[in-house]
Protein chains: 2
Amino acid sequence: MVVQPILLRGQWQKAQTLQTFRAADPARGELLPELFPVSSWSDCETALVAANEAFQGLQQMPSARIAEFLERYAAEIEADRKELVRLAHAETALPAATRLARVELPRTTGQLRAAAECAREGSWRLPTIDTAAGLRSGFQPLGPVCVFGPNNFPFAFGSISGGDFAAALAAGNPVIAKANGCHPATTQRLAEAADRACRTTGMPPGTVQLLYRTRHVDGQRLVADPRLGATAYTGSRAAGLRLKAAADAAGRPIYLELSSINPVILLPGALRERPESIADEFSTSCLLGTGQFCTNPGMVLLLDSPQSATFIDLVCQRFRAAPVEPLLSKAVRTSLQANVQALQRAGARVLVGGVPAGGAGFRFANTLCRVEGQTFLDESPALQTETFGNASLLVVASDLEQLLSILQRLEGNLTGSVYSDTAGADDAEYEQIAPILRQRVGRLLNDKMPTGVAVSPAMNHGGPYPATGHPGFTAVGVPAAMRRFAMLACYDNVRQHRLPDWLQDPNPTGQTWRCIDGHWTRDDIIPPETD
Amino acid sequence: MVVQPILLRGQWQKAQTLQTFRAADPARGELLPELFPVSSWSDCETALVAANEAFQGLQQMPSARIAEFLERYAAEIEADRKELVRLAHAETALPAATRLARVELPRTTGQLRAAAECAREGSWRLPTIDTAAGLRSGFQPLGPVCVFGPNNFPFAFGSISGGDFAAALAAGNPVIAKANGCHPATTQRLAEAADRACRTTGMPPGTVQLLYRTRHVDGQRLVADPRLGATAYTGSRAAGLRLKAAADAAGRPIYLELSSINPVILLPGALRERPESIADEFSTSCLLGTGQFCTNPGMVLLLDSPQSATFIDLVCQRFRAAPVEPLLSKAVRTSLQANVQALQRAGARVLVGGVPAGGAGFRFANTLCRVEGQTFLDESPALQTETFGNASLLVVASDLEQLLSILQRLEGNLTGSVYSDTAGADDAEYEQIAPILRQRVGRLLNDKMPTGVAVSPAMNHGGPYPATGHPGFTAVGVPAAMRRFAMLACYDNVRQHRLPDWLQDPNPTGQTWRCIDGHWTRDDIIPPETD
């Protein structure tokens, strides 16, 4: 049986490996036919050498060339959209039309084009110039970036197509993509499109490389290698923390997006004002994509009240009535069941679901659990277990004081939402809640579920540990996401013609925002006349 | 004998400790009389609780209030300058007038005032607003910051007065200062000034706290505590990496400034053009402050040539003729001797010095070592040992190719300098050298020694590991240095009156630069008219 090739140094080639694996069709629960390799260290070594050669080449290129590559790649993805959607649907069971074709694929090409625009425009570097001191600085690429993609977004967070990929490339770094084992064929197809785009636009071989899997020990060696600029990882907390330990010990930057339960606080006035619509919003958000979003609302915090009781009834009805969609893999279902059981052991009661669902494939019943506030306080680490999938925990606090205590126990999260009465009836409670929640989440929402992550320069898809590895960085939204893959480079008394174009006196694009002597401007620097 | 008090929760109080220590007068080599405490964990715990209470208070304050504190503190330092200089000179033996009074103290008050100005003006937050998406984000304070100061700048990098302190405070965070054991009385005196400024300007108790020393195990526990926002450390590599390991394992941000040898490359044309002046510049830079600068030129890279031989003779003369000043401590002298011996074991020859100097106090002869390029390539880790103090290693490469290979072996450094012929005779060599050096240093200099670190928004006092812990951050230069102590906070659909003032439609100061829909501006946002 043919083992699928990997992409190294611009060539599709046989992996150096003894092991293989297959992905599964989650809707049927059956293995797919293609065999993919688990690479040995030898493949990682080849990738590192080639990526560093490519980095030398990329550094000589104007950013506009890299922008052309990203745009060409977006066009290649669009040209191949039917087959990409077919493969991704087969490997993830995510809805082909409503999710993959109409939402995730356009988001992916949109991200690539937005990153291209940032690369071309140049403001992402935050060029900072002190003319009197002769100092000029800004961000420049760091070196090859290894991207570990998650299972839940085969395109938009994919290791060779997603936000981390686009940000790393746009900042001028080659990418070594480590595919997610759930959707290797999709990733392979994307890599073929990326490779075509590299050839068409003349990128150095090794700009984009693909491995499907490695042994854990080799992954840890890879992220710690001094030839690697940085790593971006999205996935489970346990695997992410192993990589973090390896990278940290070697002093290599690593950006992690780990688990998050994304607390949603529903205040009494809001529930009195619009119970049905909030129940709809919550149920839709929690079950969207079978709940497999980093920003899934996995915890709802309520005050004990008649409105809350009504709300809980409404969402129970909706969770029972909603169809049960497949999960991404057998492992996701196994973890979901184990995590729901962990909540139960810690004192939560199952209101709806809580067991694997019938039918073909990897399904778990839509699940709602409930726990009282005091129990949460007693068992707050265990009751913050993420139930990745179509499940959420309702936490009912006896009063505001208890609710505030619960908030103070929360770990770092990507998001935190507060629903309040539109006329202001909940404002006093909001004022006490917001400061506590604010420090614990990367994005604070009002009257909105967290699952929509707009691709915007003002987005923060990040948050305090353990939601991510560092609270100052976002994984979504250029230009900020690009600066993760960059170093601050200062030029002191460097002769004008030796400066990079973005720090020379003329504005290189006419469009680059630069902070010159404390003022943000797109103007050129006019050197003082010399006599 | 009285044990000096520590500053906790706005009160000077007795430390919980069983151990004490004394600082020494490095010029005489004798212990000073005051006894200082080594704190137990109990003091750290008190500091953490008080700092978090203070943080709640600071979050309610307008940034202008924090700016007033920083400015008041600068004025308090100036009012007490005579005694501060006397104490610092007694504890460090750094020149009282030419260094401490005329350079370092004004630098320190200048940093505090620059940080105050940034806090007041608000642009440090990089406010980013997407009006169409309803998303607004920027940097906000992270929580209490623990600052470990180094031995070599009692004021300007001092734990309770230096750049890290100013940046952390200006970003809105309380500081727990861990004094350097070399100059506890100076730090105490600064803490008294800070405490007066806190009282005068109404800062919450616990905004500024001081411990002198802790056990290593307690320091590691402190930087890993979830109640701490972040840590800033400047000092030896070994101690810094121990703290880093503890902080990393707990997911707490830590910013490190560790060792750096700051390579200086002298090209033949420059040495032909101006040998005497370069020899003067190098000798002055290397012996300034007895060579105890983070940016001391600890390695000079030359091509084997008559010009280089002449230059080496010139610097040997200068090193022999220059007075031998005291080092900061006995430990610094012990390390310097050990590190020079490590260079010798790795193949370096001593040209000048290499032994402890006579006279009172902790002195080591001004030292120049030399090694051939091939030996450096064979022993490149050992020959990059930092010789903190009045010593430098001359590396003589046989040709340009060997010089480039040497550059490729260099670890991350704070700075890298290249001297070249002003008429362009060295330009071909420069073009090959600069790209390799650029990736390995935070600041690239032309025709300038690295010891001057201007306080400027365009400065980068940082660099790739192991010079620091992360290549994207600078320890000198506001506003960038402030963002180390901040988290990215996004507001999604948050009601206008609930936004922090710096994200509301009107520009809160009229001076805050904000990136609104892709344009940097100081304008207000004019909401669209509603019908």
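Residues numbered from 1 in each chain as written. Chains lettered and ligands numbered in written order. Predicted model: local features only at pLDDT ≥ 70, side-chain atom pairs only at ≥ 80, totals over all residues.

A closer look at the overall build of chain A
1) Next: Looking only at helices and strands, one finds 15 helices and 24 strands in chain A.
2) Next: On C-alpha atoms alone, chain A measures out to a radius of gyration of 24 Å, which is about the 24 Å that the 2.2 N^0.38 rule sets for 531 residues.
3) Next: Taken along its principal axes, the extent of the C-alpha atoms in chain A is 80 × 65 × 40 Å.
4) Next: Counting across all 531 residues of chain A, residues that qualify as buried make up 59%.
5) Next: For chain A, restricting intrachain contacts to residue pairs at least 6 apart in sequence, the fraction spanning at least 24 positions comes to 74%. (Helix = DSSP H or I, 4+ residues; strand = E, 2+ residues; numbered from the N terminus. Rg over C-alpha atoms; globule rule 2.2 N^0.38 Å. Buried ≥ 20, exposed ≤ 12 C-beta atoms within 10 Å, placed from the backbone. Contact = placed C-beta atoms within 7 Å.)

A few points about the nonpolar core
1) Next: Grouped together as the largest cluster of nonpolar side chains are 340 residues, with contacts concentrated most on L70(A), A115(A), A170(A), L70(B), A115(B) and A170(B).
2) Next: Ignoring anything within four residues of it in the chain, the contact list for A115(A) reads L70(A), A166(A), A167(A), L169(A), A170(A) and V478(A). (Core = buried A, V, L, I, M, F, W, Y, C linked by C-beta atoms within 7 Å.)

Re the interface of chain A and chain B
1) Next: Counting from both sides, the interface comprises 53 residues of chain A and, opposite them, 53 residues of chain B.
2) Next: Among the elements of the structure, strand 7 (128–130), strand 8 (135–141), helix 15 (427–438), strand 21 (441–446) and strand 22 (486–492) of chain A are those that each provide at least two residues to the side of chain A that touches chain B.
3) Next: Here the side of chain A that touches chain B gets 7 residues from one element, more than from any other, and that element is strand 22 of chain A.
4) Next: Counted by class, the side of chain A that touches chain B contains 27 nonpolar, 15 polar and 11 charged residues.
5) Next: The pairing of strand 21 of chain A with strand 22 (residues 486–492) of chain B spans 3 bridges and is classified as parallel. By the bridge assignment for strand 22 of chain B, L445(A) is matched with D492(B). (Nonpolar A, V, L, I, M, F, W, Y, C, P; charged D, E, K, R; others polar. Pairing = 2+ DSSP bridges.)

Here we look at the pairing of strand 15 (residues 263–266) of chain B
All names here are of chain B.
1) Next: Residues P263 and I265 of strand 15 are buried on one face, and the alternating residues V264 and L266, pointing to the opposite face, are buried as well.
2) Next: Relative to strand 16 (residues 299–303), strand 15 runs parallel, the two sharing 4 bridges. Pairing of L266 across the sheet is with L302, part of strand 16.
3) Next: Where strand 15 meets strand 20 (residues 413–419), 3 bridges bridge the pair, whose relative direction is parallel. Pairing of I265 across the sheet is with V418, part of strand 20.

Let's talk about the sheet that holds strand 20 (residues 413–419) of chain A
1) Next: Taken in spatial order, the 12 strands line up as 17(A)-18(A)-19(A)-16(A)-15(A)-20(A)-21(A)-22(B)-8(B)-7(B)-23(B)-24(B) in an open sheet, and their pairing is mixed. At either margin of the open sheet sits one strand with a lone partner, and together these are strand 17 (349–352) of chain A together with strand 24 (519–521) of chain B. This sheet shows a mean twist of 25° between the axes of neighbouring strands, independent of strand direction.
2) Next: Here 3 bridges tie strand 7 (residues 128–130) of chain B to strand 8 (residues 135–141) of chain B, and the two strands are oriented antiparallel to one another. Looking at the pairing, D130(B) lines up with L135(B) of strand 8 of chain B.
3) Next: Contacts between helix 11 (residues 306–321) of chain A and the sheet are confined to strand 15 (263–266), strand 16 (299–303), strand 17, strand 18 (367–372) and strand 19 (391–397) of chain A, with strand 17 of chain A contributing the most and set at about 65° to the helix. (Axes fitted to C-alpha atoms, helices over the stretch in contact; angles between N-to-C directions.)

Structural notes on the relation of the copies chain A and chain B
Two copies of the chain are present, and they differ by a rotation about an axis and a shift along that axis.
1) Next: For the match of chain A to chain B, the screw axis carries a shift of 0.0 Å, the RMSD comes to 0.0 Å, and the turn is 180°. What the superposition gives is, in effect, a two-fold axis relating one chain to the other. Relative to the rotation axis, the closest C-alpha in chain A is found at W520(A), a distance of 3.0 Å.
2) Next: Comparing interface residues between copies, 98% of those in chain A also lie at the interface in chain B; the contact surface is shared. (Least-squares fit on C-alpha atoms with pLDDT ≥ 70 in both.)

Remarks on helix 15 of chain A
Residues and elements named next belong to chain A.
1) Next: Compared with an ideal rise of 1.5 Å per residue, which puts 12 residues at 16 Å, helix 15 spans 16 Å between its outermost C-alpha atoms and is within 8% of the ideal.
2) Next: Every buried residue of helix 15 is accounted for by E429, Y430, I433 and L437. Down the axis, helix 15 shows its buried residues gathered within 95° of arc, on one side only. Every exposed residue of helix 15 that faces more than 90 degrees away from the buried side is listed here: A428 and E431.
3) Next: Buried positions along helix 15 lie against strand 15, helix 14 (400–409), strand 20 and strand 21. (Expected span 1.5 Å × (residues − 1). Arc of directions from axis to C-beta.)

Points about the domain arrangement of chain A
All names here are of chain A.
1) Next: By the assigned domains, chain A splits into domain 1 (54–122 + 140–258 + 468–484) and domain 2 (263–446).
2) Next: Spacing between the C-alpha centres of domain 1 and domain 2 amounts to 31 Å.
3) Next: Here the side of domain 1 that touches domain 2 is built from residues that sort into 3 nonpolar, 3 polar and 2 charged. (Domains from an automatic or database assignment.)

Some thoughts on helix 11 (residues 306–321) of chain B
Counting along an α-helix, one turn takes 3.6 residues, and residues three or four places apart therefore face a common direction.
All names here are of chain B.
1) Next: Here helix 11 spans 23 Å end to end across 16 residues, near enough to the 22 Å set by a 1.5 Å rise per residue.
2) Next: All of the buried residues in helix 11 are S308, F311, V315, R318 and F319. When helix 11 is viewed along its axis, its buried side chains cluster within an angular range of 95° and face the same direction. In helix 11, the exposed positions angled more than 90 degrees off the buried face are occupied by P306 and A321.

Details of unusual backbone geometry
1) Next: In this chain, Y465(A) is followed by P466(A) through a cis amide linkage whose omega measures 5°.
2) Next: Considering the arrangement of structural elements, one finds P466(A) in the loop between strand 21 and strand 22.
3) Next: Cis rather than trans, the peptide bond between V478(A) and P479(A) has omega equal to 5°.
4) Next: Relative to the elements of secondary structure, P479(A) occurs in the loop between strand 21 and strand 22.
5) Next: Although it is not a glycine, D517(A) adopts a positive phi angle of roughly 50°.
6) Next: With respect to the helices and strands, the residue D517(A) is situated in the loop between strand 23 (514–516) and strand 24 (519–521).
7) Next: Accessibility expressed as a C-beta count within 10 Å gives 14 for D517(A), which makes it partly exposed.
8) Next: Positive phi, close to 50°, is recorded for N262(B), a residue that is not glycine.

Some thoughts on the environment of Y465(B)
All names here are of chain B.
1) Next: Considering the arrangement of structural elements, one finds Y465 in the loop between strand 21 (441–446) and strand 22.
2) Next: For Y465, a count of 18 C-beta atoms within 10 Å corresponds to the partly exposed category.
3) Next: Sequence spacing of Y465 and S260 is 205 residues, and the spatial spacing of their C-alpha atoms is 9.8 Å.

Re the sheet that holds strand 12 (residues 213–214) of chain A
Residue and element names in this part refer to chain A.
1) Next: Strands sit in the order 3-6-12 across an open sheet of 3 strands; the sheet is mixed. Here the strands that pair on one side only, and so sit at the sheet edges, are strand 3 (19–21) and strand 12.
2) Next: When strand 3 meets strand 6 (residues 36–39), the two strands line up antiparallel, connected through 3 bridges. By the bridge assignment for strand 6, T20 is matched with P37.

Some thoughts on the packing of helix 2 (residues 63–79) of chain B against helix 4 (residues 96–121) of chain B
Residue and element names in this part refer to chain B.
1) Next: Contact geometry for helix 2 and helix 4: axes closest at 8 Å, N-to-C directions at 170°. Here helix 2 is positioned roughly antiparallel relative to helix 4, judged by the angle of their axes. At the point where helix 2 passes helix 4, the crossing takes the left-handed sense. On helix 4, the residues that touch S63, A64, I66, A67, L70, E71, Y73, A74, I77 and E78 of helix 2 are L105, T108, T109, L112, R113, A115, A116, A119 and R120.
2) Next: Here the contact of helix 2 with helix 4 is composed, by residue class, of 12 nonpolar, 3 polar and 4 charged. (Parallel < 35°, antiparallel > 145°, perpendicular 65-115°, else oblique. Left-handed = near helix turned anticlockwise from the far one by under 90°.)

Description of the confidence of the model for chain A
1) Next: Averaged over chain A, the pLDDT score is 97; the fraction of residues at 70 or greater is 100%.
2) Next: Of the two predicted TM-score estimates for the complex, the pTM is 0.97 and the ipTM is 0.98. (pLDDT = per-residue confidence, 0-100.)

Re the packing of helix 10 (residues 275–287) of chain A against helix 11 of chain A
All names here are of chain A.
1) Next: For the pair helix 10 and helix 11, the least separation of the axes is 9 Å and the interaxial angle reads 45°. The pairing of helix 10 with helix 11 is recorded here as oblique in orientation. Seen from above, helix 10 lies across helix 11 with right-handed handedness. Along its contact with helix 10, which presents P275, E276, I278, A279, F282 and S283, the element helix 11 presents Q307, T310, F311, L314, V315, R318 and F319.
2) Next: Of the residues assigned to the contact of helix 10 with helix 11, the class counts are 8 nonpolar, 3 polar and 2 charged.

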